[in-house]
Amino acid sequence: MSTPPIAEQPTRGERFDPVALAVITSRIQGIVRRMSNTLFRTARSSVLNTARDFSCCVVTRDHELLAAAESLPIHVMSGPDLVSASLARLHPKLRAGDAYLHNSPYHGNSHAGDHCILVPIVGADGEHHFTAVVKAHMADIGNSQPTTLWASARDVYHEGAVIFPGVKVQQDYEDIPDIIEMCRTRIRVPEVWYADYIGMVGAARIGERELHGLGEELGWETLHEYTAAWFDYSEEMMAGAIRRMPAGRSVAHNKHDPLPAAGAEDGVPVKVIVTVDPGGARVAVDLRENPDCLPCGINLTEATSRTAAMIGVFNSLPIAVPQNAGSFRRLDIEIRENCVAGIPVHPASCSTATTGIADRVANATQRAIAELADGFGMAETGTLTASVADISGKDPRHGDAPFVNLMILGLTCGAGHSRGDGWLVSGEVGDGGLMMRDSTEVDELLYPIIVWADRIVADSGGPGRFRGAPACYVEYGPAGAEIEAMWSTDGYVHAALGARGGYPGAPARQFLRRADGNVEPLPGWGEQTLAPGETVLATSAAGAGYGPPWERELQRVVRDVADGWVSPEQAEQVYGVVVRDGELDAKASERRRAELAGTSVPVPELLDVEQRSREIADRLAPYVLAAEPAR
Amino acid sequence: MSASNARITCDIGGTFTDVVVSDERGRMTIAKALTQPANLFDGLRAALERAAAELAEPLGGLLGRTSLFIFSTTQATNAILEGTTARTAFLCTEGFPDILVRREGGSLRPYDYSRPFPEPYVPRRLTFEIAERIDADGNVARALDEAGAVAQLARARELGAEAVSVCLLWATANPAHELALGALIERELPGLPYSLSHQINPIVREYRRASGTAIDASLKPLMQRHLPEIAAGLIDEGFTGELLAASSAGGVVPMGELIDSPLWSVRSGPSLAPVAARTVATVETGSGDVIVCDTGGTSFDVSLVREGDLVFTSETWLGEPFAGHLTGLSSVDVRSIGAGGGSIAWVDPGGLLRVGPESARADPGPACYGLGGTRPTVTDAALVLGYIDPDRFLGGKMALDVGAAETALAGLAEALGIGSREAAHAVLAIANERMIAAIHELTVNEGVDPRDSTLVAGGGAAGLTIAAIARELGCREVLIPRAAGVLSAFGGQHSDIVREMTAPHVTNSKGFDFAGVRETLAGLRERMHAFEAELPQGLGGEVRRRYFVEARYAYQVWDLSIPLEGDGVEDEAALQRLIESFHDAHERIFAVREPGQKIELSQWKGRVSVETVKPPLAAERGELADGAGGTHGRVAFFPELGEVEIAVHLGGELAAGRSIAGPALLIEPETTIVVYPGWSAHVSELGNYRLELEDA
């Protein structure tokens, strides 16, 4: 407009100019998106440059989350705030040109596998105004084993993570060489780590440059006034959303799969108490009644405990609300010290703090809300499996150069919810559907592997009025060299649970196919050396359903059958929809539905995913085994 | 005069068919008619007849003296967005039937589950798995099961497939199995159009290659019907010249090329807008970077000219990123956002003013159309501010209801607790902000600074707010071409024949394969020569061949396209210069460089452009009389001035060289230009408008 540029816009008394509010928000979101784009396009590890397992955000000088466009929820809702506060405690004077490396689970980070780069944004006035935070899941962090997600690590010493509680890694825009050398001597394939580090610094510096420009153009005080107004607005949106929710207290339980650790042999029970108070426009989530920290790698951090509960709530909001410190004011997340879903006490290991128990907490929270009233909340999302694995070894195509990477294949597990079917491409509840999949061709180009299948498994999605996303079957193995694969999964024993009469999703299944054709079961967590000719067969844990399946819209079932996602048998038995030769038999369906509404079907019968996976494996056997000897 | 040689370009859009006729002296005639979707030629003929009438000659006479006819259409794009393409089967490697269903994952909106997971381009029920496997090195890991494939094709026929797309893993490394399937399709399903991925777009990454191939095959039946119909229609009316068609590579190709590979026609019209902008900017402001904005009723397209070159991308989505469909082609980077005169303004539950994404479209349209719309739109806001003359909208063809716009805005103003004029101003400011964000995304991506660039605006809504957008971007100069209302058709007038070829060959900076690269480039050169040889005689002028390589640091996966100097990388010194230009480009775009790091080079491209004879840019405006006396007043609102009386000029009455100080309105038949306070407008010798921000 011909208005004076936004810099000169007056604020109307106490109220921030509404046009400037919208304009500055758009500018800051744009800056965060450009930070993300830089890291995405420059990173070396496929976990970053393809799967997008990273986040970029801006935190205020008071350590509050301001903007995190298109970032993985489990990374950002809480975490950047805590690391920013911890940084200020350890480094009282932040200067322009500084950059800090942070991955400490005991100082506010999500887990050690996520490296954060924090760049303080310092004005010409010498004051610290904001902090740009870039957090990325690294391919390796120098653990004792080549994995960044290690559920069976006994403690942080066994895990072996190098912990950086906010260590200055750049001064005057130059690397501090001793810190870089420290990383290079410990982290596997240091060239790749360093290149990813450079990408992260580049992203943070782009954020710094642009925010600095905005602050100097508008005046830093205007930006701080904007921040306060934006938080107030976001809080009002959140309050409006909560006022539309049903009142009540709801308790949900679920269970993490058993682990080889004292106290976790029979699985780890999770309990979440949600209280929705539409009158006061507040939601409380209490996680304090969960077990103490365990001697394994699944303990949550303070950041992921809070965030997991927040994800469950945000997934259940009836309208879209901005995610920042303003809207978070309406949430009361109650956690305690020394708790598996709380604040960890050193040296408890938090290696898998962004998945595992975090998924269980978020899932229980949204399911608890679903049980308050129909039309709200969500069923449970499935979980990561061995199609998402750390692979490492030496690549004979590049003179036996070592490689290590988190491979992200498969990735279908969204939960049925009050408004629709499970979001198909999702790795876990904490990714909000933002995670991307590897390209088979790119993985085969970068690493000595061959992928034989990556496909959806029929009858695996939890049946419901709104169906959970079906599982996928992935089969892969080495090409021409031995590789090491490690995975820490959940959902093998305890499937994703349905909500309001919806059925659970199929549990995960893993097998090893030997070169001689024998297929043997693999455990839900573990490590495996694969020789050429051997393959891992991984079926993911599917999403669960919402509402009774016999209430599902008829045409949705007919289409699922046509696409091969639901068999005619499951359609008839569970959904009460009779499809013959692709045509709906309306009368027979009506009869079957009336029958089902009276007596529900037992679960194991309808989710025999083990059988389904084996069928696919058998069908693929001649295909895989007849392959030319690998390179 | 009418004996001279003419050049005609047309752009068949969803609503209007635009025609531009130019002669050897550069005189330009512009005509429009409604598009007739059932028979595109009917709409085209109507527009051509209008142009002929304006030139006072029969249509046959005009077409008879037309040596070159350049055709572009949005039919392909529209058919995809509306889902009216052919029923297409998808053949893939066994084990991977969900490539199109899952895409590459990703979403722009976490927690937004109000919309369903997007539908695949080809549903699973029309997807057929073929037992075969090529590995990353191009070896046959599993032989093709021909008998199985024949059975799958029979099934596709039973299901009524009208076209077949084939994308097998690693067909780019070894196309043997795709070629064998092509032969089987010809044998088993004779006459059915099909597309093979390694021929359509030989890139690594199975989803993008599959998506482009599926789109290509699905367009074949439609384009193989429409394009020959148009050609036949023109010939029937007396046309004997050469017929070329626009492609998304920012140029034109013989129409037969698009019939063979219709994927290139997707978003081809918008790709000509930067060609038009470059032409005008070169003569009006000299070289430099150009930001191109094309504003229609429902969408805002932005593109870029950097150092005289069009900017390309491999990320062209039809629809929203991640939720739409990717063409996968390297084509002119035109970002499109749903924003325009019809975007609806509303106040959200937190009290914040929002504009769009919902649009009032043409029916009921903005409140001021008086067709039943009651919600305030961007057009209503501009009317309330006095930026649109209600009696001269669309050349006076549609009278606007100011009262209805006032009423619609009053509700919004009340909800915001501010005056109607202020609310209207806020609506435009927020609508602008979305366009500014789109421009920032594109310029920052390319390392272009808007403050050093010229803004070129086209489209019906261009003049309303472009100066305001320029000011927010820090741009001091805006060009609005005489042909702003038909930017793409005008771009066609100034297009060369452009064709791009790609060939994969992987090497790196530390062990550079000089011989292999020489051979690869020689292969590209041969293909370019073959293309040139097939062009109609007498069409082409100077031939320019340029080479590029897609390069990245070791282990990166996203490439930067780096131009080669000359036609190869002949020696160590040339290699060093190439490496240096990669480091420079990386630093320009991503703020960091890694000296000494290994660079991988994977895909080699040759772009051949054959210059066509272009009409001169005529100094037609100088002939007009100065209509200084023709101005009249009008009241408009600007926040820094309040309500003021401003001058209104009819564009056609202004002589070349005239300057108008803002605030003022310039009314053209296709658009209205708001000259904001602090700005001035100049009419150039060529009849284009230049807006400049005066020094404060």
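Parameters at a glance
Residue positions are counted from 1 within each chain, in the order its sequence is given. Each chain takes a letter, starting from A, and each ligand takes a number, starting from 1, following the order in which they are written. The model is predicted, so local features are restricted to residues of pLDDT at least 70 and side-chain atom pairs to those at 80 or more, both for listing and for counting; the totals for chains, interfaces and linings are taken over all residues. The secondary structure listing takes helices from DSSP runs of H or I that are at least 4 residues long and strands from runs of E that are at least 2 residues long, numbered from the N terminus. The globule rule used here is 2.2 Å times the number of residues to the 0.38 power, and the radius of gyration it is set against is calculated over C-alpha atoms. Put simply, a residue is buried when 20 or more other C-beta atoms lie within 10 Å of its own C-beta and exposed when 12 or fewer do; between those, it is partly exposed, and each C-beta is set from the backbone. Whether two residues are in contact is decided by their C-beta atoms, placed from the backbone, lying within 7 Å. Polarity classes work like this: nonpolar for Ala, Val, Leu, Ile, Met, Phe, Trp, Tyr, Cys and Pro, charged for Asp, Glu, Lys and Arg, and polar for all others, with Gly in that last group. The criterion for strand pairing is that DSSP finds at least two bridges linking the strands in question. Here an angle of 0 to 180 degrees is reported between the N-to-C directions of two axes, which are lines fitted to C-alpha atoms, with helices fitted over the stretch in contact. The predictor rates its confidence in each residue with pLDDT, a number between 0 and 100. Directions from the helix axis toward the C-beta atoms define the arc. Each angle is binned into one of four classes, with values under 35 degrees roughly parallel, values over 145 roughly antiparallel, values of 65 to 115 roughly perpendicular, and all other values oblique.

Chemist: An account of the overall build of chain A is needed here, citing residue identities and associated values.
Modeler: Helix and strand counts for chain A come out as 17 helices and 22 strands. Computed over the C-alpha atoms, the radius of gyration of chain A is 25 Å, within 12% of the 25 Å expected from 2.2 N^0.38 for a compact globule of 631 residues. The C-alpha extent of chain A, read off along each of the three principal axes, is 75 × 65 × 50 Å. For chain A, the proportion of its 631 residues judged to be buried stands at 65%. For chain A, long-range pairs separated by at least 24 residues make up 75% of all intrachain contacts whose partners lie at least 6 apart in sequence.

Chemist: Any details on the overall build of chain B? Residues and values, ideally.
Modeler: From N to C terminus, chain B includes 18 helices and 35 strands. What you see for chain B is a C-alpha radius of gyration of 26 Å, in line with the 26 Å of a compact globule of 696 residues. Overall, chain B is about 80 × 65 × 60 Å in size when its C-alpha atoms are taken along their principal axes. The burial tally for chain B puts 54% of its 696 residues in the buried class. When contacts within chain B are restricted to residue pairs at least 6 apart in sequence, those whose partners lie at least 24 apart make up 66%.

Chemist: How would you summarise the interface of chain B and chain A if you had to cite specific residues and measurements?
Modeler: On the side of chain A, 74 residues touch chain B, which itself brings 71 residues to the contact. The element contributing the most residues to the side of chain B that touches chain A is helix 14 (residues 420-445) of chain B, with eleven residues. Residues belonging to the side of chain B that touches chain A are distributed by class as follows: 39 nonpolar, 13 polar and 19 charged.

Chemist: Please set out the sheet that holds strand 18 (residues 519-521) of chain A residue by residue, giving values where relevant.
Modeler: All names here are of chain A. In spatial order, the strands read 14-15-20-17-18; together these five strands make up an open sheet with antiparallel pairing. Of all the strands in the sheet, the pair left with one neighbour each is strand 14 (449-456) and strand 18. Strand-to-strand twist of the sheet, defined as the mean angle between neighbouring strand axes without regard to direction, takes the value 20 degrees. Across five bridges, the pairing between strand 17 (residues 509-513) and strand 20 (residues 535-539) is antiparallel. In the sheet register, F511 faces strand 20, and the bridge partner there is L537.

Chemist: How would you explain the confidence of the model for chain A if you had to name every residue and give the values?
Modeler: When pLDDT is averaged along chain A, the result is 91; 95% of the residues meet or exceed 70. Confidence over residues 1-13 of chain A falls short of pLDDT 50; this stretch has 33 contacts with residues more than four positions distant or in other chains.

Chemist: If you had to explain the pairing of strand 26 (residues 543-553) of chain B to someone new, which residues and values would you point to?
Modeler: Residues and elements named next belong to chain B. Relative to strand 28 (residues 599-610), strand 26 runs antiparallel, the two sharing eleven bridges. Counted as the bridge partner of V549 is W604 from strand 28. Pairing of strand 26 with strand 27 (residues 560-563), which is carried by four bridges, proceeds in the antiparallel orientation. When the bridges of strand 27 are listed, E550 appears paired with S561. Between strand 26 and strand 27, which pair antiparallel and follow one another directly, the connecting turn spans six residues, one of which, Y555, has a positive phi of 75 degrees.

Chemist: Tell me what's going on with unusual backbone geometry, and back it up with residues and numbers.
Modeler: The omega torsion across H346(A) and P347(A) is 10 degrees, close enough to zero to call that bond cis. Look at the link from G356(B) to P357(B): it is a cis peptide, with omega at 0 degrees. One can find P357(B) in strand 22 (residues 353-359). Even without glycine at this site, D459(A) takes up a positive phi of about 65 degrees. Within the secondary structure, D459(A) sits in the loop between strand 14 and strand 15 (472-478). According to the C-beta neighbour criterion, D459(A) is buried, with 25 such atoms within 10 Å. Phi at R267(B) takes a positive value of approximately 55 degrees, unusual for a residue other than glycine. Structurally, R267(B) is set in the loop between helix 9 (255-260) and helix 10 (268-271). Accessibility expressed as a C-beta count within 10 Å gives 23 for R267(B), which makes it buried.

Chemist: Would you mind going over the sheet that holds strand 6 (residues 165-171) of chain A in detail, with residue names and values included?
Modeler: Residue and element names in this part refer to chain A. In spatial order, the strands read 2-1-5-4-3-6-7; together these seven strands make up an open sheet with antiparallel pairing. Sheet topology places strand 2 (65-67) and strand 7 (174-175) at the edges, where each strand pairs with a single neighbour. Note that strand 6 and strand 7 share two bridges and pair antiparallel. Considered in strand 7, the bridge of Q170 is made with D175.

Chemist: A description of helix 13 (residues 554-562) of chain A should follow, citing residues and the corresponding values.
Modeler: Residues spaced three or four apart along an α-helix face the same direction, because each turn holds 3.6 residues. Residue and element names in this part refer to chain A. All of the buried residues along helix 13 are V557, D560 and V561. Buried residues along helix 13 cover an arc of 100 degrees about the axis, so they all sit on one side. The elements touched by buried residues of helix 13 are helix 14 (568-575) and strand 21 (578-580). Phi for G564, located one or two positions after helix 13, is positive at around 80 degrees.

Chemist: Give me the lowdown on the packing of helix 1 (residues 18-42) of chain A against helix 8 (residues 220-243) of chain A, citing residues and values where you can.
Modeler: Residues and elements named next belong to chain A. Contact geometry of helix 1 with helix 8 gives a least axis separation of 10 Å together with a crossing angle of 95 degrees. Between helix 1 and helix 8, the angle is such that the two are roughly perpendicular. Residues L21, I24 and T25 of helix 1 touch helix 8, and the partners they reach there are Y226, A229, W230 and Y233. In terms of residue class, the contact of helix 1 with helix 8 is built from six nonpolar, one polar and no charged.

Chemist: Any chance you could break down the pairing of strand 6 of chain A for me, citing the residues and the numbers?
Modeler: Residue and element names in this part refer to chain A. Sheet topology places strand 3 (residues 99-102) next to strand 6; four bridges connect them, and they run antiparallel. Bridged to Y100 within strand 6 is K168. Linking strand 6 back to strand 7 in an antiparallel pair, the connection comprises two residues, with D172 at a positive phi of about 50 degrees.

Chemist: Residues and numbers for the environment of L304(B), please.
Modeler: Residues and elements named next belong to chain B. Its location among the elements puts L304 in strand 14 (residues 300-306). For L304, a count of 24 C-beta atoms within 10 Å gives the class buried. Remark: the alpha-carbon pair of L304 and V334, spanning 30 residues in sequence, is separated by 7.9 Å. Aside from chain neighbours lying at most four places away, what touches L304 is P274, I291, V292, V311, D333, L442, T443, E446 and V448.

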